[in-house]
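Examination of the molecular architecture
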Amino acid sequence: MRVALDATPLTLSSGGLPRYVTELSIALAREFPEDTYVLLSDQPFPMPERTPANLVRGRQPYSAADRRWWLWGVRGAIRLTGAQVFHGTNFEVPYLGTVPSLLTIHDLSPWRDPAWHPDLQENAGRVRKRTPWLVRLGRASMILTVSEAMRQEIISHFGVKPEKVRAIPLAAAPHFRPLPTTSPPTKPFFLFVATLEPRKNVPALVEAWRESRAETGADLVVAGRNRADFAGIAPAEGLYLLGEVPDEQLPRLYSDALAFVYPTHYEGFGLPVLEAMQCGCPVITSRDPAVMEVSGNAAIHTSSAAEMAEAMRGVAANPRLRNLLSGCGLERARAFSWARTARETRALYAELLGVRE
């Protein structure tokens, strides 16, 4: 089988979208060495590291017509690769398809709240306008999403038949694992890791930390790319803004933290929650349906800054609770793997081609 995947998310330096394309494409190539997987985009992108030989880069556009990517360019690129299936990994598929296409819709945040994706974000505006038409006109042979909560939301929002929408969960990358405690021990801290953007609800996290700090004595460490529309965080003693942190350094942060605190308003999956759990880090998060689906009973779920502050006090004061959450999180994370994600995704490719395996 030859499959082309949209590699445009790899132009981002961090976040869930490049993680999805990186880990899925590598896992597909490793699980199915008899296949060829081609990464395509009209923009320069870095190839994932640890790339198997059957995961390759497609050619870049070479004419003005090709740069009208979703109308003309991608069709030519697919033809040159000989791909039998196209996987649109981030809300888009070719307008005029020549092969079956799978469309990944990660969440409905572009439609849920305009403040989460203002029109100053060119890509968000394009997705908001174009993706509904791609769905209504049947340009995608099937829609893929990342949680059952999101599957139900997509069926309701777009009015598509349930059998046309499938949910396949994500996973934490293998390098997320518990690391031995640093020596000498650092000052205790709570951790947040994600792209800094409005729907992550970071102001509530800062409020909860300020409210609980007198009892916990803990700092707050915030790591992640600062998106242009994020209002920023006022400096404070004990608050550390790390910016983007290389992937290889994140397991150290997760392993050393008192807890990972993720007060997000809305997610399609909530991958940082699973990364923290796979590192043995206790998790305090929101009651967002997708996050609750992913974390199950292995996290503390809160609905307000006050509840979050109380959970932070409890985790800081109770080593037994931290150990319980750590163990439950590790067990929960073992239910997910990129190998499983790849196998289930590849089965959808085969289904689109009418191949029985």
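Residues numbered from 1 in each chain as written. Predicted model: local features only at pLDDT ≥ 70, side-chain atom pairs only at ≥ 80, totals over all residues. Heavy atoms only, no water.

**Some points on the pattern of salt bridges**
A full pass over the atoms with the stated rule returns 22 salt bridges. The salt bridge involving Arg 227 is made with Glu 197; its shortest N-O contact spans 2.9 Å. Taken together, the positions of Arg 227 in the loop between strand 9 (219–223) and strand 10 (239–243) and Glu 197 in the loop between strand 8 (189–193) and helix 6 (202–216) put the pair 30 residues apart, joining distant regions of the chain. What you see here is one network of salt bridges that share partners, running through Asp 107, Glu 197, Arg 199, Lys 200, Arg 227, Asp 229 and Glu 267. (Salt bridge = Lys/Arg side-chain N within 4 Å of Asp/Glu carboxyl O. Helix = DSSP H or I, 4+ residues; strand = E, 2+ residues; numbered from the N terminus.)

**Overview of empty space enclosed by the protein**
Tallying each qualifying case throughout the model produces one cavity of 30 Å³ or more. Approximately 30 Å³ is the volume attributed to the largest cavity. Together, Ile 78, Phe 86, Pro 94, Gly 97, Thr 98, Val 99, Ser 101 and Arg 139 line the largest cavity. Residues belonging to the lining of the largest cavity are distributed by class as follows: four nonpolar, three polar and one charged. (1 Å grid on protein atoms, 1.4 Å probe; cavity = no way out; pocket = protein on both sides within 12 Å on 5 of 7 lines; lining within 4 Å. Points joined across faces, edges and corners; volume = space filled by probe spheres on them. Nonpolar A, V, L, I, M, F, W, Y, C, P; charged D, E, K, R; others polar.)

**Regarding the sheet that holds strand 8**
Across the sheet, six strands lie side by side as 10-9-8-11-12-13; this open sheet has parallel pairing. The sheet is open, and its two edges are formed by strand 10 and strand 13 (300–302), each paired on a single side. Pairwise comparison of adjacent strand axes, ignoring direction, gives a mean angle of 25° for this sheet. Across five bridges, the pairing between strand 8 and strand 9 is parallel. For Phe 192, the partnering residue across the bridge sits in strand 9 and is Val 222. Where helix 8 (residues 271–278) meets the sheet, its contacts fall on strand 8, strand 11 (259–262) and strand 12 (283–286), and the angle it forms with strand 11 comes to roughly 175°. Contacting strand 8, strand 11, strand 12 and strand 13, helix 10 (residues 305–317) runs over the sheet at an angle of about 155° to strand 13. (Pairing = 2+ DSSP bridges. Axes fitted to C-alpha atoms, helices over the stretch in contact; angles between N-to-C directions. Contact = heavy atoms within 4.5 Å.)

**Here we look at the nonpolar core**
Counting residues in hydrophobic clusters, the biggest one holds 88 residues, and the most contacted among them are Tyr 37, Leu 191, Tyr 254, Phe 260 and Tyr 349. Broken down by element, the residue count for this core peaks at seven residues, all from helix 1 (residues 16–31). Non-local contacts of Tyr 37, meaning those with residues more than four positions away in its chain, are made with Val 3, Leu 5, Leu 28, Ala 29, Phe 32, Asn 54, Leu 55, Val 56, Arg 346 and Tyr 349. Among the nonpolar cores identified, the runner-up in size contains 29 residues, and Leu 103, Leu 108, Ala 140 and Ile 143 belong to it. (Core = buried A, V, L, I, M, F, W, Y, C linked by side-chain atoms within 4.5 Å. Buried < 20%, exposed > 50% of the residue type's maximum accessible area, 1.4 Å probe, protein only.)

**Some remarks on the packing of aromatic side chains**
All told, the structure shown has ten aromatic pairs when counted by the stated rule. Where Trp 116 meets Tyr 266, the ring centres are 5.5 Å apart and the plane angle is 20°; that geometry is what we call stacked. With a gap of 150 residues between them, Trp 116 in the loop between helix 3 (109–112) and helix 4 (122–136) and Tyr 266 in the loop between strand 11 and helix 8 connect regions that are remote in the sequence. Between Phe 192 and Tyr 262, the aromatic rings sit 5.8 Å apart at their centres with planes inclined by 25°, giving stacked as the arrangement. With Phe 192 in strand 8 and Tyr 262 in strand 11, this residue pair connects regions lying 70 residues apart in the sequence. A relative accessible area of 0% means that Phe 192 is categorised as buried. Through pairs of rings, three or more aromatic residues link up here, namely Phe 176, Phe 192, Tyr 254, Phe 260 and Tyr 262. Here the guanidinium or amino end of Arg 57 rests over the ring plane of Phe 45, the centre of that ring lying 4.6 Å away. Positioned over the ring face of Phe 32 is Arg 346, at 4.7 Å from the centre of the ring. (Phe/Tyr/Trp six-rings, centres within 6.5 Å; stacked < 30°, edge-to-face > 60°. Lys NZ or Arg CZ within 6 Å of the ring centre and 35° of its normal.)

**Here we look at the sheet that holds strand 7 (residues 165–167)**
In a beta sheet, neighbouring strands are held together by backbone hydrogen bonds and run either parallel or antiparallel to one another. Across the sheet, seven strands lie side by side as 3-2-1-4-5-6-7; this open sheet has parallel pairing. Of all strands in the sheet, those with a lone pairing partner are strand 3 (55–57) and strand 7, marking the two edges. For this sheet, the mean inter-axis angle between neighbouring strands, taken without regard to orientation, is 25°. Together, strand 1 (2–6), strand 2 (36–40), strand 3, strand 4 (85–88), strand 5 (101–104) and strand 6 (142–145) form the strand contacts of helix 1, whose direction differs from that of strand 2 by roughly 160°.

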